[in-house]
Amino acid sequence: MLQRKGESVKTHGVRRVDIPVPAGIQCESVDIPDPSSLRIVKYPNPVLAQVCARIERPDEKLRALTERMFAIMYAAGGVGLAAPQVGLPIRLFVANPTGEPGQQERVYVNPKIVAQSGSITNDEGCLSLPGVVCKIKRHTHVTVRAEDVGGNQFQQTGEDLLARIFQHELDHLNGILIADKMSMVARLANRRAIRDLQQQYADGQSDRSQAGA
Ligand SMILES: [Zn+2]
């Protein structure tokens with residue numbers, strides 16, 4: 001479930017309470033690296049556990065970023081990708097339930113769930129947790145209100161896969177991963193993949209410190 005202020009949330013097995021929602025950031029102040037340098041950030045990189053900041057007055061500055069995010073998402077075989085998954089803790093995600101470049105591409109800036117109903121438990125994966133699949137219960141119908149890259153508000157209702165994408169990506173913007181939601185059984189079934197990711201992250205960190213960067 002999405003966290004609200006004052007609720008406690010279980011993250012990486014630790015119960016966090018009262019996660020502060022950061023102040024909004026003006027779009028012109030968002031520090032976007034060269035889009036070609038962006039890569040998928042993997043668990044357990046701490047940027048994935050951050051509550052992301054609202055983007056005040058979104059503008060065209062975001063377009064190159066979102067185009068690159070779609071390209072990264074398609075290359076990885078995904079249907080949704082949130083900004084923290086490319087290292088940027090801002091409230092933005094891209095989605096296309098077809099997984100193929102085309103008309104169903106959409107960018108969601110500052111998304112909020114305004115209505116939800118139904119529930120279904122189904123397998124779910126995450127581009128930041130390759131090799132991990134687990135059953136997650138989600139609503140079947142979800143309406144989001146968001147802005148596009150030009151700052152224009154829109155509302156959209158997603159069913160089934162699109163509803164699942166909305167909930168999964170909204171979770172990312174609140175620092176929540178499927179690893180935080182999986183059952184003990186799923187945790188056991190995925191323990192090797194999770195351990196490998198933790199090892200790869202630790203190896204990457206030590207490479208970086210040796211290189212002095
Ligand atoms: Zn994900």
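Quick caveat: nothing in here was measured; it's all calculated off a predicted structure.

## Thoughts on the overall build of the chain
For the chain, the helix and strand inventory stands at five helices and 11 strands. Residues counted as buried form 34% of the 213 residues belonging to the chain. The long-range fraction of contacts in the chain, counting pairs at least 24 apart against all pairs at least 6 apart in sequence, stands at 69%.

## Quick word on the environment of Y74
Structurally, the position occupied by Y74 is in helix α1 (residues 63–75). Take Y74: there are 16 C-beta atoms within 10 Å of it, and that puts it in the partly exposed class. Residues Y74 and G99, spaced 25 residues apart in sequence, show a C-alpha to C-alpha distance of 6.3 Å.

## With respect to α1
With 13 residues, α1 should cover 18 Å at 1.5 Å per step; its first-to-last C-alpha distance of 18 Å lies within 8% of that length. Within α1, burial applies to L65, T66, R68, M69 and M73. Mapping the buried residues of α1 onto a view down its axis gives an arc of 160 degrees, with all of them on the same face. In this structure, the buried residues of α1 make contact with β5 (80–82), β6 (92–95) and β7 (106–117). Two residues or fewer after α1 comes G77, characterised by a positive phi angle close to 75 degrees.

## What to know about the confidence of the model for the chain
Confidence in the prediction for the chain averages 89 pLDDT; 88% of positions are at 70 or higher. Long-range and interchain partners of residues 1–15, a stretch whose pLDDT sits below 50, account for 24 contacts in this model, where long-range means more than four residues apart.

## What about the sheet that holds strand β11 (residues 153–159)?
Sheet strands associate in pairs through backbone hydrogen bonding, adopting either a parallel or an antiparallel arrangement. On the basis of which strands lie adjacent, the open sheet formed by five strands has the order β5-β6-β7-β10-β11 and antiparallel pairing. Where the open sheet ends on each side, the last strands, each with one partner, are β5 and β11. Adjacent strand axes in the sheet meet at a mean angle of 40 degrees when their direction is disregarded. Running at roughly 50 degrees to β6, α1 makes contact with β5, β6 and β7 of the sheet.

## Here's the deal with unusual backbone geometry
In this structure, P44 follows Y43 across a cis peptide bond, with omega equal to 5 degrees. Relative to the assigned elements, P44 resides in the loop between β3 (25–26) and β4 (55–56). Residues other than glycine seldom take positive phi values, yet N110 does so here, at roughly 50 degrees. Even without a glycine there, the phi angle at D160 is positive, about 55 degrees.

## Focus on the environment of G131
Within the secondary structure, G131 sits in the loop between β8 (120–124) and β9 (134–138). Under the C-beta neighbour-count criterion, G131 is labelled exposed, with 11 such atoms within 10 Å. Along the backbone, G131 and L197 are 66 residues apart, and their C-alpha atoms lie at a distance of 9.3 Å.

## With respect to helix α2 (residues 161–173)
Between the first and last C-alpha of α2 there are 18 Å, a value that for 13 residues agrees with the 18 Å anticipated at 1.5 Å per step. For α2, the tally of buried residues reaches 12 of 13 residues, placing the bulk of the element in the interior. Restricting attention to buried positions, one finds in α2 the residues L162, A163, R164, I165, F166, Q167, H168, E169, L170, D171, H172 and L173. G175 lies just past α2 and shows a positive phi near 75 degrees.

Quick notes on the rules
- Residues numbered from 1 in each chain as written.
- Predicted model: local features only at pLDDT ≥ 70, side-chain atom pairs only at ≥ 80, totals over all residues.
- Helix = DSSP H or I, 4+ residues; strand = E, 2+ residues; numbered from the N terminus.
- Buried ≥ 20, exposed ≤ 12 C-beta atoms within 10 Å, placed from the backbone.
- Contact = placed C-beta atoms within 7 Å.
- Expected span 1.5 Å × (residues − 1).
- Arc of directions from axis to C-beta.
- pLDDT = per-residue confidence, 0-100.
- Pairing = 2+ DSSP bridges.
- Axes fitted to C-alpha atoms, helices over the stretch in contact; angles between N-to-C directions.

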